[in-house]
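The lines below spell out each chain.
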Amino acid sequence: MLYTARAPKPSAELDFSLLWLTLGLLALGWVMIYSASIAIAEAARYTGHNGEYYLMRQGIFIAAGVAVGISAFQIPMRIWQQIAPYLFLLGLLLLVVVLIPGIGHEVKGSRRWIPLGFANLQPSELMKLLAVLYAADYTTRKAAFMHDLKKGFLPMAGVMLMTGLLLLSEPDFGAFVVIVAIAMGILFLGGLNWKVFAGLIVMLVIGFAALIFSSAYRLQRLQTFLKGPFEDPYGAGYQLSHALIAFGRGEWLGLGLGGSIEKLFYLPEAHTDFLLAVIAEEFGFIGVLVVVGLFAWLIVKAFLIGLRAAQLERNFNALVAQGIAIWIGVQSLINMGVNVGLLPTKGLTLPFLSFGGSGILANCLAVAVLLRIDWENRQMMRGKTF
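The following paragraphs examine the structure supplied in this document. (Residues numbered from 1 in each chain as written. Predicted model: local features only at pLDDT ≥ 70, side-chain atom pairs only at ≥ 80, totals over all residues. Heavy atoms only, no water.)

## Here we look at the side chain of Gln58
Logical step 1: Inspection of the secondary structure assignment puts Gln58 in helix H2 (residues 53-73).
Logical step 2: At 3.4 Å, the side chain of Gln58 and the backbone oxygen of Ser354 are in polar contact.
Logical step 3: Look past the residues within four positions of Gln58 in its chain and what remains in contact with it is Trp30, Ile33, Leu353, Ser354, Phe355, Gly356 and Ile360. (Helix = DSSP H or I, 4+ residues; strand = E, 2+ residues; numbered from the N terminus. Polar contact = N/O pair within 3.5 Å; in protein donor to acceptor, adjacent residues only side chain to side chain. Contact = heavy atoms within 4.5 Å.)

Right, dumping it as structure tokens:
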């Protein structure tokens, strides 16, 4: 059906609670990144000993993410559905490009970034959103075959297997886990036969176990997790042990903004993967509880937007909204679990909060799409068509 409604007015009938929630998370992350990174920025030669280095870069990333999000909001969801397969192919191409020697930028044994001069692009971050769009489009197109293993699941499995092989070649096991969760969640919500789904869960557990035991560094992380970080506090357990010390020092109310000791060259990656530990040390259990509550609110709102779209028989929109909820929920849960020692260490950032341009860009795009879905829901309830 042709799009007949007028272009949306940014100030008309938006879900401002979702908008302010997102901006609040971005602002909180910006402040905490500055707090967590000021010491290392002042000490590093590549920053010019500028303590505001990460603060300024994250500010630029947030501004760019908001600008891109405003532009993305103008695109009707029917257009997103039409271009979803092509965007996914572009994502696969970027995952191939990042592996090419001389193009992909390698850090600590991982080749995950494409240098752009002013910043580095991490394709695996954008691939999470592209996987949501592609899986939602695929499930909508194949709705009649969701009870058929051969016609409904196997084609999608082949595509995700190809994506997984590229991600594991970087390697980026964390992104692979998130994308698998997105694809499986959307297929299940789209009507995949529950017996097939249960069998796939068993196969995934076996597959993940094989991936872990076939890789020395993944196996070491699992062993460190099972033994506990304090069995080897100056070796494999160093990062997690200091994260737990940060949580312990924070107690109920924390030491106050800027009061963290662990960020002073004790806790590695304090402004990226382990930002939650710094929040815990400076704002205590209450601060962590607030962060968890904000993410829970965001995820619930995304599911509710998807539910309303489903009631309006906008199946693609519904699956995209719920897929975004699964993505943000799974990635947040893994990051938080790693920070408190409930899960083995992985290189996954905390959405909206952790330092990183590609992650912020993908998160802002996701919220823009959510706002668009909600806006179209409201317009349809007023009798407009798309």
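## Comments concerning helix H7 (residues 194-213)
Logical step 1: Its 20 residues give H7 an end-to-end C-alpha distance of 29 Å, which sits within 8% of 28 Å, the value for a rise of 1.5 Å per residue.
Logical step 2: Packed against the buried residues of H7 are helix H5 (149-169), helix H6 (173-189) and helix H8 (216-227). (Expected span 1.5 Å × (residues − 1).)

## Some thoughts on the nonpolar core
Logical step 1: By size, the foremost hydrophobic cluster in this structure holds 110 residues, and its most contacted members are Phe88, Phe295, Val320, Trp327, Phe352 and Leu353.
Logical step 2: Looking at this core element by element, the count peaks at 14 residues for helix H10 (residues 275-311).
Logical step 3: Apart from the residues lying within four places of it in its own chain, the contact partners of Phe295 are Leu25, Ile328, Ser332, Met336, Leu350, Pro351, Phe352 and Leu353. (Core = buried A, V, L, I, M, F, W, Y, C linked by side-chain atoms within 4.5 Å. Buried < 20%, exposed > 50% of the residue type's maximum accessible area, 1.4 Å probe, protein only.)

## Brief notes about unusual backbone geometry
Logical step 1: For the bond running from Glu170 to Pro171, omega is -5 degrees, close enough to zero to count as cis.
Logical step 2: In this fold, Pro171 is placed in the loop between H5 and H6.
Logical step 3: Phi at Phe265 is positive, roughly 75 degrees, even though this residue is not glycine.
Logical step 4: Tracing the backbone shows Phe265 in the loop between helix H9 (238-250) and H10.
Logical step 5: Although it is not a glycine, Glu269 sits at a positive phi angle of roughly 55 degrees.
Logical step 6: What makes Glu269 partly exposed here is its relative accessible area of 29%.

## Digging into the packing of aromatic side chains
Logical step 1: Considering all chains together, one arrives at 9 aromatic pairs under this definition.
Logical step 2: Aromatic pair Tyr54 and Phe355: ring centres 5.0 Å apart, planes at 90 degrees, arrangement edge-to-face. One end of the pair, Tyr54, is in helix H2; the other, Phe355, is in the loop between helix H11 (315-339) and helix H12 (357-381), with 301 residues separating them in the sequence.
Logical step 3: Judged by its relative accessible area of 15%, Phe355 is buried.
Logical step 4: Plain terms: the ring middles of Trp252 and Phe285 are 5.3 Å apart, the flat faces sit at 80 degrees to each other, and that makes the pair edge-to-face. (Phe/Tyr/Trp six-rings, centres within 6.5 Å; stacked < 30°, edge-to-face > 60°.)

## What to know about the packing of helix H4 (residues 123-141) against H5
Logical step 1: It is the contact of H4 with H5, at a shortest axis distance of 12 Å, that shows an interaxial angle of 175 degrees. Taken together, the axis directions place H4 and H5 in an arrangement best described as roughly antiparallel. Along its contact with H4, which presents Ser124, Met127, Tyr134, Ala135 and Tyr138, the element H5 presents Lys151, Gly152, Phe153, Pro155, Met156, Val159, Met160, Thr163 and Leu167.
Logical step 2: Looking at the contact of H4 with H5, its residues break down into 10 nonpolar, 3 polar and 1 charged. (Axes fitted to C-alpha atoms, helices over the stretch in contact; angles between N-to-C directions. Parallel < 35°, antiparallel > 145°, perpendicular 65-115°, else oblique. Nonpolar A, V, L, I, M, F, W, Y, C, P; charged D, E, K, R; others polar.)

## Points about a nonpolar patch on the surface
Logical step 1: Residues Trp252, Leu253, Phe285, Ile286, Leu289 and Val290 make up a contiguous nonpolar surface patch of about 650 Å² in total accessible area.
Logical step 2: Of note, Ile286 is situated in helix H10.
Logical step 3: Classification of Ile286 as partly exposed rests on a relative accessible area of 37%. (Patch = residues over 30% accessible without salt bridge, like charges linked within 9 Å, V, L, I, M, F, W, Y side chains within 5 Å. Areas by Shrake-Rupley, 256 points an atom, 1.4 Å probe, with all protein chains shown as cover. Salt bridge = Lys/Arg side-chain N within 4 Å of Asp/Glu carboxyl O.)

## Remarks on the pairing of strand S2 (residues 110-115)
Logical step 1: Two elements, strand S1 (residues 105-107) and S2, share 3 bridges in a ladder whose sense is antiparallel. Directly across from Glu106, in S2, lies its bridge partner Arg111.
Logical step 2: The turn joining S1 and S2, which pair antiparallel and follow one another in sequence, is formed by 2 residues; a positive phi near 55 degrees is taken by Lys108.
Logical step 3: Here S2 pairs with strand S3 (residues 120-121) via 2 bridges, running antiparallel. By the bridge assignment for S3, Pro115 is matched with Asn120.
Logical step 4: Taking the residues that link successive antiparallel strands as the turn, the S2-S3 hairpin has 4 residues, and the phi of Gly117 there is positive, at about 95 degrees. (Pairing = 2+ DSSP bridges.)

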